Amino acid sequence: MRGFSILCIWILLLLKSSSCAGDSSVVNPCCYYPCQNSGVCVRFGTDRYECDCTRTGFYGENCTVPEVWTGVGLMLKPSPSIIHFFLTHFHWFWNLVNNSFLRDTLMKLVLTVRANLIPSPPTFNSKYGYLNWESYYNLTYYTRILPPVPEDCPLPMGTKGKPVLPDPKLLAERFFKRNKFRPEPQGTNVMFAFMAQHFTHQFFKTNHKVGGGFTKALGHGVDAGNIYGDNLMRQLQLRLHKDGKLKYQLVNGEMYPPTVSEVPVHMMYPEGFPPEKRLAIGQELFGILPGLTMYATIWLREHNRVCDILKAEHPTWDDEQLFQTARLIIIGEIINIIIEEYIQQLSGYLLKLKFDPSLLFNARFQYSNRIALEFCLLYHWHPLMPDSFLIDGDDVPYSQFMYNTSLLMHYGVEKLVDSFSRQPAGQIGGGHNSHESLLTVSEMVIKESRAARVQSFNEYRKKFNLKPYISFNDFTDDKEMARGLEELYGDIDALEFYPGLLLEKALPNAIFGESMVEMGAPFSLKGLMANPICSPEYWKPSTFGGETGFNIVKTATLKKLVCLNTKWCPYLDFHVPRNEAEAKPRKSSIEL
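Below, the structure is looked at part by part.

## Here we look at the side chain of Asn28
So, step 1. Its place among the elements puts Asn28 in the loop between α1 (2-24) and β1 (40-44).
So, step 2. At 3.1 Å, the side chain of Asn28 and the side chain of Asp152 are in polar contact.
So, step 3. Those residues within four positions of Asn28 in sequence are excluded, and the remaining contacts are Arg43, Pro150 and Asp152.

Structure representation (structure tokens):
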């Protein structure tokens, strides 16, 4: 009897031990991402969760049951692919729209629908997967659209996929590396590619010393910090402190950025780089590529040109007021060109996009912005870069192009603009189109994503109201790529965010796939239109020194930006020449 009692005690101890072991191995239920339609997963105890469906338009245990009007909207709303097809076809229809009141109506709809997908105020960051004051208040963080993958999940991407993610170098070599240059089918050119880099580096300034989730940029939007510097000390060093202008040097009678010996700001140049070739620019990285120093030179000239106009109208203004007002005008010009020409080219839409802040004055809109980590990650568009650079009949390889500021003075702004505008850029979507010298950047982005525990590509598809892919064959038309990705990831729900964006099958005759369009556009348009100058308090003539300055902003174009600051007007566009008439050089001065 005593032996039987001892046996029972041992059985109870074993059961208790087993139960305790089971508790320690319970999977965080939020690792399964059970809450759909932007519902928030909150863990209770060890194995219970609740989905907060507040204001999602859905209810139920996992926020999957649509409310009445949500259901009606879902039935009536066309898919993103149908909308894209409609916006890129039927020229006759869009010609009518673009010349009627419907243009303003549709532009307002585009802006509000896109911007509403970006939370404002910000929500998460790389440290916090829940709402808190630090995420809102600490501007040194990039914000996050989705919280990080919980740290206690059993697998890197949650509960699906393999226990070890693929080697970034293997991914880059196998799926990103260019076999043969594939031009972008819409006709996007290298001039566009350098604008993408120049424009975004005013707010994409990851602080690698601290971590991928932090930014060095003081501003979270278009502040022209790439022209004026991202802090007051750098700005003061770059300024001439006379007539509101920036410092410059004259080479053969033409204005260029000064050298670092004249303006001792920190710039990233290789050791031993000749001092006379070290140009001082607002962004410390812009000496790396002549295409970036070209844009820096153009904006330097434009700022000083605007200062001359302002001084003529306001002879009583001091240096500070001239500088500050000119900067607001430059910011306005940037936003106008980016929306009406850059994003226009990027979208491929036949709807003629319009920069008119007053369209939103009666809408529910917040004039504040925070740059999201996901936006920074998705904007690494290195497939745009060609195999070499064709400049005025010369074929310049990367080895002679990078860190070669002398190319700018040798050829001049006009010839660089003309050459870059004629040379096709590469297609971003579909993979196999990144120059081998740029693969290390893709590897870095993948590593940063993992360090920040960015959720899977499909989770972001759902967040931006896109259907998740059900297989790798659904994701790409490249059968070999589909097999390779399945071999490495094991499950489509484990595919990482950045590889998903770059490798996704491209839309027909488009620069990249559906996800890049649907995720990138909301970040872009919200960030541009949330700029203070677009608010009712700022958007008026007095902000820009009167009607003359206001008109510079409202009528800004890429053509004006270049041709009012060069000796002759080259071919320039974000699109390669469409016909022989466009392709002919135009060396006459322009009157605009």
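## A look at helix α19 (residues 479-489)
So, step 1. Taken as a whole, α19 has its buried residues at Met481, Ala482, Gly484, Leu485, Leu488 and Tyr489. One face of α19 carries all of its buried residues, which in axial projection span an arc of 165 degrees. In α19, the exposed residues that point more than 90 degrees away from the buried face are Glu480 and Arg483.
So, step 2. Residues of α19 that are buried sit in contact with α7 (168-176), α16 (439-451), α18 (472-475) and α20 (497-503).
So, step 3. Between the side-chain oxygen at the start of α19 and the backbone nitrogen of Glu480 there is a gap of 3.1 Å, and the oxygen is on Asp478.
So, step 4. Taken from the residues just after α19, Gly490 is the one with a positive phi, measuring 85 degrees.

## Here we look at the state of the cysteines
So, step 1. For the coordinates displayed, the defined rule picks out five disulfides.
So, step 2. One disulfide in the model links Cys31 with Cys153; its S-S distance is 1.9 Å. One disulfide, between Cys31 and Cys153, carries an S-S torsion of -95 degrees and so falls in the left-handed class. Placement of the pair is Cys31 in the loop between α1 and β1 and Cys153 in the loop between α6 (133-137) and α7, with a sequence separation of 122 residues. A single burial state applies to Cys31 and to Cys153, both of which are buried.

## Some words on the pairing of strand β2 (residues 48-52)
The side chains of a regular strand alternate between both faces of the sheet.
So, step 1. Sheet analysis places β1 next to β2, joined by five bridges and oriented antiparallel. Looking at the pairing, Val40 lines up with Asp52 of β2.
So, step 2. The hairpin formed by β1 and β2 contains three residues between the paired strands, and Gly45 there has a positive phi angle of roughly 65 degrees.

## Notes on unusual backbone geometry
So, step 1. Residue Ser120 is joined to Pro121 through a cis peptide bond whose omega torsion reads 5 degrees.
So, step 2. Here Pro121 is to be found in the loop between α5 (102-115) and α6.
So, step 3. Positive phi outside glycine occurs at His432, with the angle close to 55 degrees.
So, step 4. By the element assignment, His432 lies in the loop between α15 (406-422) and α16.

The rules behind these values
Residues numbered from 1 in each chain as written. Predicted model: local features only at pLDDT ≥ 70, side-chain atom pairs only at ≥ 80, totals over all residues. Heavy atoms only, no water. Helix = DSSP H or I, 4+ residues; strand = E, 2+ residues; numbered from the N terminus. Polar contact = N/O pair within 3.5 Å; in protein donor to acceptor, adjacent residues only side chain to side chain. Contact = heavy atoms within 4.5 Å. Buried < 20%, exposed > 50% of the residue type's maximum accessible area, 1.4 Å probe, protein only. Arc of directions from axis to C-beta. Disulfide = S-S within 2.5 Å. Pairing = 2+ DSSP bridges.

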